Amino acid sequence: MLATVLGTYMGLLVAAAVAARDPTQPDTLSTHRRQKRDWIWNQMHIDEEKNDPLPYYVGKLKSSVNRKNAKYVLKGESANSIFQVNADTGDVYAFARLDREKVSEYSLVALIVDKDTNKNLEPPSNFTIKVHDINDNWPVFTHRLFNASVLEMSPGGTSVTRLTAMDADDPTVADHATVMYQILKGGENFAIDNSGLISTTKQNLDREVQANYEIVVEARDAEGLKGESGTATVLITLQDVNDNFPIFAQPAMYTFVVPEDIRVGSSVGSLFVEDPDEPQNRKTKFDIVQGEYRDTFTIETDPTRNEGIIKPMKPLDYELIQKYSFIVEATDPTINLGYLKGISGKNKARVVINILDVDEPPVFQKHFYHFLLKENQKKNLIGSVLAKDPDKAGRKIGYSIRKTSDKGQFFRITKQGDIHNEKELDREIYPWYNLTVEANELDLHGNPTGKESIVQVHIEVLDENDNAPEFAQPYEPKVCENAAHGKLVVQISAVDKDITPQNVKFKFALGTDDSNFTLIDNHDNTANITVKYGPFDREHAKFHYLPVLIADNGSPSLTGTSTLTVVVCKCNQQGTFTFCEEAVAQAGVSIQALVAIFLCILTITVITLLFFLRRRLRKQARAHGKGVTEIHEQLVTYDEEGGGEMDTTCYDVSVLTSARSGAAKPPRSVLDTRPPIYATAQKPPRMAQGMHSGPGEMAAMIEVKKDEADHDGSGPPYDTLHIYDYEGSESIAESLSSLGTDSTDSDIDYDFLNDWGPRFKMLAEMYGSNPWEELIY
């Protein structure tokens, strides 16, 4: 207010000085300096939230223009609404209560115009009205609720968090925006300073006792007009640290029962401890502190469940130890001993593990066996394996070799575990044999109990000098027909399938002296073949076969013969081959191979002859109708209808005639020892000449034969015909008899009828293979 009055007063003084100037004196400098403005005022100010009645006097507009028809006008956003001016005097008034926190200053435009024409008498002028701040706002927190945390067991004075309360008053005015903090609730363990920093007042706050704290903080204005304040709630959480030892739960003794065949690394049981710390701070370690079984068991820690898992580190054996007892201590090596108030005595527990006896498989004395055997030998004993029953029963053990590991059936094993070879072995074929030997536990009756174990037996076949040397590679030597004496044809070397020692020496020699070549032994396991006499005659011999003898220095020494085929070629004057015949491949075949080939050819020939002989015999038997099957199907009576139908050419009538005349019958097969059912068949007496038998006689005969067949259990099958009418070869229907049918022409093998029992014996003899006609190969 004082500043406003002073500004108005200074404006009046300036106006008076201007009016005192003589207007009649010419302005000599007016053309050389800027003309002064005619507006006369200073910056205006007004206090916010004034309690005086409206409107408030703000200030006065004044211009050097002094005309009776002039008036003052305000323009701007707040003109004529918040601020108005007296058109005649230029006094500016505020018609509303102002709040600096909303608008701190107002920008207006002052004009002086003619009342009649509203034309500007002076250029418009911009000015501001500033709102003075008063301390009319109290502090307000940015949030109503704050979350903070601090480590438990922290010393006193540890910072927790900082709060901030905002005061809307002008901070440039002294004490208008100053905030003071104090704790209204929960100040027993925490304090706050004037900067809003909360800290602990007590040391060693224990999360396990109380994990969360709630405090209420007040923010107050230092010299607030209204005496108000703002409050906020702070939730403080104590963060966990590893400050507690693990303690065994009651009772401090654990008993477990496990079988002796428990797998190494499997869980025996769990030890439970109590640790009030959070899981991430539980670093429990279990140790066996008393007992002699530290190398038998280990205890792994599961921090999520806060338990120790006991696991065996090696196989358990009931026959050796039936009970394990030891003391386990639970510790935490990462704990800060400065946090501890005392060490509890509950961090030890006794563990007892009882072992149960189970029937275990046999156990071999070794993990594997390695035996040596010379090739080409049969030994009564290569080596022995031994397995025992680890149980107290001490049952007997049976041994066997798995067939999958000895496909050639080269070895056998005795009940005592002794391994023998059944065949001579060849190191050059298989230098090693890996056998899988099974050991089976046997009961009192010698039967396997199902408990078995295996072991690998490695048999190494030792080498003997049983292979003669041979060429190192296939050689294809060539020589010019005009080659001179001493010309080198080829250099040869040898190899031996046996294990070749470092000091091996091969000796070379020609198997014949009747040749045009010379062999020179170089004494370095090579030899040179050279021309002995001179030119060759291609017309006489295009190929020369040289038997080369190669001997080794083994014990005993062996000599082998390899044939070298030398081709005589045409050459030009420079000795270059121009034409050579292809050499016939010479393959060395041993006597044993030749014998085997001969035996194979002989066997095939014999089988072929027997096959054709069998077919011939079957055809003959079919033609004469003398087979066992055909005899069963022979007819009892036969009445010829005459030669017009050529019946006699289709069937052996002598058989039928013999049945009528009582002549000697064909010999029966020795396999058919049953009395023939046809022996009881009686032919009805013939009628006198000129008399004809009626149809009733034939029907009666058929019924008699049918009745005999039905009551004869040893007779042929039920579908066998006793009365047979033959149509002859000239009949369109042809023969309906099965007498000429060869059962071997069928794709079905009826030999399986022999396995169906006595009721199918007759069918098996009729449709199966005839043992008299089968040939044994």
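This text follows the structure it describes.
Below or above, wherever it landed, is the structure these notes cover.

Parameters and conventions
Residues numbered from 1 in each chain as written. Predicted model: local features only at pLDDT ≥ 70, side-chain atom pairs only at ≥ 80, totals over all residues. Heavy atoms only, no water. Helix = DSSP H or I, 4+ residues; strand = E, 2+ residues; numbered from the N terminus. Buried < 20%, exposed > 50% of the residue type's maximum accessible area, 1.4 Å probe, protein only. Contact = heavy atoms within 4.5 Å. Areas by Shrake-Rupley, 256 points an atom, 1.4 Å probe, with all protein chains shown as cover. Phe/Tyr/Trp six-rings, centres within 6.5 Å; stacked < 30°, edge-to-face > 60°. Pairing = 2+ DSSP bridges. Patch = residues over 30% accessible without salt bridge, like charges linked within 9 Å, V, L, I, M, F, W, Y side chains within 5 Å. Salt bridge = Lys/Arg side-chain N within 4 Å of Asp/Glu carboxyl O. Polar contact = N/O pair within 3.5 Å; in protein donor to acceptor, adjacent residues only side chain to side chain. Disulfide = S-S within 2.5 Å.

## Notes on the overall build of the chain
Piece 1. Scanning the chain for helices and strands turns up six helices and 42 strands.
Piece 2. Residues counted as buried form 36% of the 777 residues belonging to the chain.
Piece 3. A separation of at least 24 residues holds for 68% of the contacts in the chain among residues at least 6 apart in sequence.
Piece 4. Only carbon and sulfur atoms are counted for the fraction: they give 53% of the accessible area of the chain, which is about 48,400 Å².

## Description of the packing of aromatic side chains
Piece 1. One pass over the full model with this rule turns up 17 aromatic pairs.
Piece 2. Judged by centre distance (6.2 Å) and plane angle (55 degrees), the ring pair of F248 and F286 falls under tilted. Here F286 lies in strand β20 (residues 285–290) and F248 lies in strand β17 (residues 247–248), a separation of 38 residues in the sequence. F286 shares its class with F248; the two are buried.
Piece 3. Each member of the aromatic cluster is reached from another via a ring pair, and the members are Y293, F297, Y324 and F326.

## So, the pairing of strand β24 (residues 348–356)
Consecutive residues of a regular strand have side chains that alternate between opposite faces of the sheet.
Piece 1. Sheet topology places strand β18 (residues 253–259) next to β24; seven bridges connect them, and they run parallel. Residue pairing across strands places P259 opposite L356, the latter belonging to β24.
Piece 2. Pairing geometry for strand β23 (residues 323–331) and β24, over seven bridges, is antiparallel. Bridging across to β24, S325 finds its partner in V352.

## What to know about a nonpolar patch on the surface
Piece 1. Where nonpolar side chains cluster on the molecular surface, the patch consists of V595, F598, L599, L602 and V606 and spans about 460 Å² of accessible area.
Piece 2. On the secondary structure map, F598 appears in helix α2 (residues 591–624).

## A look at the side chain of T436
Piece 1. Position of T436 relative to the elements: it lies in strand β32 (residues 432–442).
Piece 2. Within the structure, the side chain of T436 is placed 3.3 Å from the side chain of Q456, a separation counted as a polar contact.
Piece 3. If we skip the residues at most four places from it in the chain, T436 touches S400, I401, R402, S405, I454, V455 and Q456.

## Quick notes on the pattern of salt bridges
Piece 1. What the rule picks out here adds up to 15 salt bridges.
Piece 2. Measuring nitrogen to oxygen at the nearest pair gives 3.9 Å for the salt bridge that ties R207 to E278. Remark: E278 occurs in the loop between β19 (269–274) and β20 and R207 occurs in the loop between β14 (197–200) and β15 (212–221); sequence separation between them is 71 residues.
Piece 3. For R207, a relative accessible area of 14% corresponds to the buried category.
Piece 4. Judged by its relative accessible area of 31%, E278 is partly exposed.
Piece 5. Among the ionic pairs, E438 bridges to R402, the shortest N-O distance being 2.4 Å. Taken together, the positions of E438 in strand β32 and R402 in the loop between β29 (397–401) and β30 (411–413) put the pair 36 residues apart, joining distant regions of the chain.
Piece 6. The partly exposed category is assigned to R402, whose relative accessible area is 30%.

## What about the state of the cysteines?
Piece 1. By the definition in use, this model includes two disulfides.
Piece 2. Between the sulfur atoms of C569 and its disulfide partner C580 the distance amounts to 1.8 Å. Its S-S torsion of approximately 125 degrees makes the covalent link between C569 and C580 right-handed. On the criterion of sequence distance, the pair formed by C569 in strand β41 (residues 559–571) and C580 in the loop between β42 (577–579) and α2 is long-range, its members being 11 residues apart.
Piece 3. Cysteine pairing for the chain (bonded cysteines numbered in sequence order): 1-3, 2-4.

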